[in-house]
2 protein chains.
Amino acid sequence: MGTNILVAHGGGPTAVINCSLQGVVESARASGRVDKIYAARFGAEGILKGDLLDLTEVPAAEITKLGHTPASAIGSCRRKLGEADYPVVLETLKKFHIDCFFYNGGNDSMDTCNKVNELARQEGLELRVIGIPKTMDNDLDLTDHCPGFGSAARYAALSAAELALDASSLPIHVVVLELMGRNAGWVTAASALAGRLTDCEVLTYLPEVPVDEARMLADIERSYARGRGLLVTVSEGICGLDGRPLADTGIVDGFGHTVPGGTAQHIADRIIRELGLKSRAEKPGLLGRASIPYVSSTDRSEAYAVGRFAVESALKGESGSMVAIRAQREPEYRSSLCLVPLSQVANVEKKFPLEWIAQGNQISDGFFDYALPLMGDGFPEYALLRR
Amino acid sequence: MGTNILVAHGGGPTAVINCSLQGVVESARASGRVDKIYAARFGAEGILKGDLLDLTEVPAAEITKLGHTPASAIGSCRRKLGEADYPVVLETLKKFHIDCFFYNGGNDSMDTCNKVNELARQEGLELRVIGIPKTMDNDLDLTDHCPGFGSAARYAALSAAELALDASSLPIHVVVLELMGRNAGWVTAASALAGRLTDCEVLTYLPEVPVDEARMLADIERSYARGRGLLVTVSEGICGLDGRPLADTGIVDGFGHTVPGGTAQHIADRIIRELGLKSRAEKPGLLGRASIPYVSSTDRSEAYAVGRFAVESALKGESGSMVAIRAQREPEYRSSLCLVPLSQVANVEKKFPLEWIAQGNQISDGFFDYALPLMGDGFPEYALLRR
């Protein structure tokens, strides 16, 4: 009798989370050892309800489409499991005779993964549990970087460069770009590449450094006065000197956190009122994790590879681990995969290094040495005839 | 003695306005009849100041980069010329011995173009004046469509589809997407394609139909209740039954118009407060006219072609005309170029046909028969395994 596997998505999707799913399915098929390939419909909720999709017979051509499908093709959810939920999860795993369980997500999901693994051990269940990393935020520990980040960073960098060109070619307003990131500035830092790719002034603010708004306005006024156009890029979650978000939506989420948002509009309003300049705020929001044309080729292939590696590892008998990426950057970028203990990654948040932030609004070369190889495919050289 | 030419950009750029510039420069070089190729630095302001860029010797490789450079590579401005400005324009044209003047812009620019042409006639100046059409809004008359629109429409359609997939794969909130378009709904209409490409409910609101907000909220509640996720797409300029914008920035622009904006956030706020649903507003804003990865290949090649055609026409002695696109869609899409009188396109705004709007928030096939060929390159088939 062969092996039955179950894969589930947890939390917000990325542009390449389906590439990992493609890796799982294609690796399971290639092994010749897997009987049934199940996917949880809408993540943990599907597992709790026993609502599984049977992907075993889905045509290969349909699976291939996963490579260019954003969001979660099987559905995800934001439900954080409570103690009472875990026995229900195990019931579903038993009911469908699941031998290998793959949970593709971030910190919370790795915690869930770890608890499922421990409970299975306690109950003497023959279950192998492997976590597949995913987060656009890049805040998972023990991995050089996280699948999903390279594409989100490429989106931030190229979008910012395109806005910077617009702002410098028609310099009638300060453009403020809001990017996702409540606590970690990894993605927004990538937007600083716009200053290197264009002739526009670029100021970048991350949540890791409390913002002195008076100084920010002074810096904006001075940079705009240089006449080359100005783009200000901010993480949605940046806070003032009092530690409170510059703006929020007034909404409290399921975890009791106030949902940030409107930060760019808040700054644009102050620029208009207090500096007397025109300003407009742009907020692509979820597009930063869903845009396929901006996907990093490196990110796509690594996301695929972690899915494959998870299946291969489980079929070798591994359990209780998350797939992690090791990378070298000299003489050229190369990455390889390994396993790290779930217990060590669960609930740990990797912060953006403060030494990569200069003068509060500049990003140093150290970050780009780290991030550029992950952002794939090189970057365009623009024609800047007006210089 | 050969010919000297001047090209200038007017108003907001598009993702492919530099392709038209590339067409102008390469066509002028290929003709063997052009001595000097000048470009106005920052549009009309450069002409008024006599601040011209000499592109004559710019390497061909640099000109090629124009094909993937968004915004205006020579700079643009929003200055509307007054009566006193036109003699100054003519001074610059005389000073640089300009024989052919190309103005690349929308309605306002075609008006300027027309007045320069008339004044030159009155003064007996040997000047040929050709307008090159450009606007993401697609609101220029006498041309089947306008270069810049196809790419903005592709951006709207694909971005909306990507957001729709996010909204339906993690259906925890109503996503509201705001797209550019103060008075004309052409671009926002394209976003309705998301309903055809994905499994998500999509409601679309254009500025051509006054919005009954109570009915809009009822429609949103009903659509969301179907459980497939909901994306609401709106033009920034949609108005209520009283004819006033649903939201505005409070800013008055140089022409005395209140600047719209925040429309999506306004709707999201009402959804949260009055329907008790989660909602988030996204506003990519200027990215909708600056994004290169979403450029339509058809749009790019047509934008290049109108630039070439303008130069070829002027060198044949034509003047006082705008390049226009004629298109046939059966049995397959083909377009050709012609000239139309500047006097007939100046200051005329082409509105979105009301018969293409159904039930206030659905876009009919008639629009897509018209627009899909302009949006280039086909559209992805997504893997929707969760269905």
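Residue positions within a chain follow its written sequence, with the count starting from 1. A letter from A marks each chain and a number from 1 marks each ligand, given out in the order of writing. Owing to the predicted nature of the model, reporting of local features is limited to residues with pLDDT of at least 70; listing and counting of side-chain atom pairs is limited to 80 or more, with chain, interface and lining totals taken over all residues.

### Details of the overall build of chain A
A run of H or I in DSSP becomes a helix once it reaches four residues, and a run of E becomes a strand once it reaches two; helices and strands are each numbered from the N terminus. The helix and strand inventory of chain A stands at 14 helices and 15 strands. A compact globule built from 387 residues should have a C-alpha radius of gyration of about 21 Å, and chain A, at 22 Å, falls within 12% of that. The dimensions of chain A, computed from C-alpha atoms along their principal axes, are 70 × 40 × 35 Å. Across chain A, the fraction of contacts at a sequence separation of at least 24, relative to all contacts at a separation of at least 6, is 76%. As a reference, a globule follows 2.2 Å times the number of residues to the power 0.38, and the radius of gyration itself is taken over C-alpha atoms. By definition, residues are in contact whenever their C-beta atoms, placed on the basis of the backbone, come within 7 Å of each other.

### Things to note about helix 5 (residues 107-122) of chain A
All names here are of chain A. End to end, helix 5 covers 23 Å across 16 residues, agreeing with the expected 22 Å (1.5 Å per residue, within 8%). Each residue is classed by its C-beta neighbour count within 10 Å, where at least 20 other C-beta atoms makes it buried, 12 or fewer makes it exposed, and intermediate counts make it partly exposed; the C-beta atoms are placed from backbone geometry. Listed as buried for helix 5 are N107, S109, M110, D111, T112, C113, N114, V116, N117 and A120. Residues of helix 5 that are buried make contact with helix 2 (44-49), helix 4 (85-95), strand 4 (100-105), strand 5 (128-133), strand 12 (321-328) and helix 13 (342-345). G124 lies just past helix 5 and shows a positive phi near 70 degrees. For a helix, the expected span equals 1.5 Å multiplied by the number of residues minus one.

### Some thoughts on unusual backbone geometry
Across the junction of E330(A) and P331(A), the peptide omega takes the value -5 degrees, indicating a cis bond. Note on placement: P331(A) falls in the loop between strand 12 and strand 13 (334-341). The phi dihedral of F42(B) falls on the positive side, at around 60 degrees, and the residue is not glycine. For F42(B), the location among the structural elements is in the loop between strand 2 (34-40) and helix 2 (43-49). Exposure remark for F42(B): the 23 C-beta atoms within 10 Å place this residue in the buried category. Backbone geometry at D377(B) places phi at a positive 60 degrees, although glycine is not the residue there.

### Notes on the interface of chain B and chain A
On the chain A side, the residues contacting the 53 residues of chain B number 53 residues. Grouping the amino acids of the side of chain B that touches chain A by side-chain chemistry returns 30 nonpolar, 11 polar and 12 charged. Residue polarity is assigned by list, with Asp, Glu, Lys and Arg as charged and Ala, Val, Leu, Ile, Met, Phe, Trp, Tyr, Cys and Pro as nonpolar; anything else, Gly included, falls into the polar class.

### Description of the sheet that holds strand 11 (residues 279-282) of chain A
Hydrogen bonds between backbone groups are what pair the strands of a sheet, and the pairing can be parallel or antiparallel. Residue and element names in this part refer to chain A. Strand order across the open sheet formed by four strands is 7-8-6-11, with parallel pairing between neighbours. Each edge of the open sheet carries a strand with a single partner, namely strand 7 (201-205) and strand 11. Each strand axis lies, on average, 20 degrees off the axis of its neighbour in the sheet, ignoring direction. DSSP calls a pair of strands paired once it identifies at least 2 bridges connecting them. Where strand 7 lies against strand 8 (residues 230-235), five bridges are found, and the strand directions are parallel. Each bridged residue has a counterpart across the sheet, and for L203 the counterpart in strand 8 is V232. Interaxial angles span 0 to 180 degrees and are taken between N-to-C directions of axes, which are lines fitted to C-alpha atoms, for helices over the stretch in contact. The strands touched by helix 6 (residues 149-169) within the sheet are strand 6 (174-179), strand 7, strand 8 and strand 11, with strand 8 carrying the most contacts at an inclination of about 150 degrees.

### Focus: the relation of the copies chain B and chain A
In screw terms, the move from chain B to chain A is a rotation of 180 degrees and a rise of 0.0 Å along the axis, fitting with an RMSD of 0.0 Å. In symmetry terms, the pair is related by a two-fold rotation axis. The position closest to the rotation axis in chain B is occupied by the C-alpha of P284(B), lying 2.1 Å away. A share of 100% of the interface residues of chain B reappears at the interface of chain A, consistent with the copies meeting face to face through the same patch. In this comparison the copies share one frame, found by least squares on the C-alpha atoms of residues holding pLDDT of at least 70 in both.

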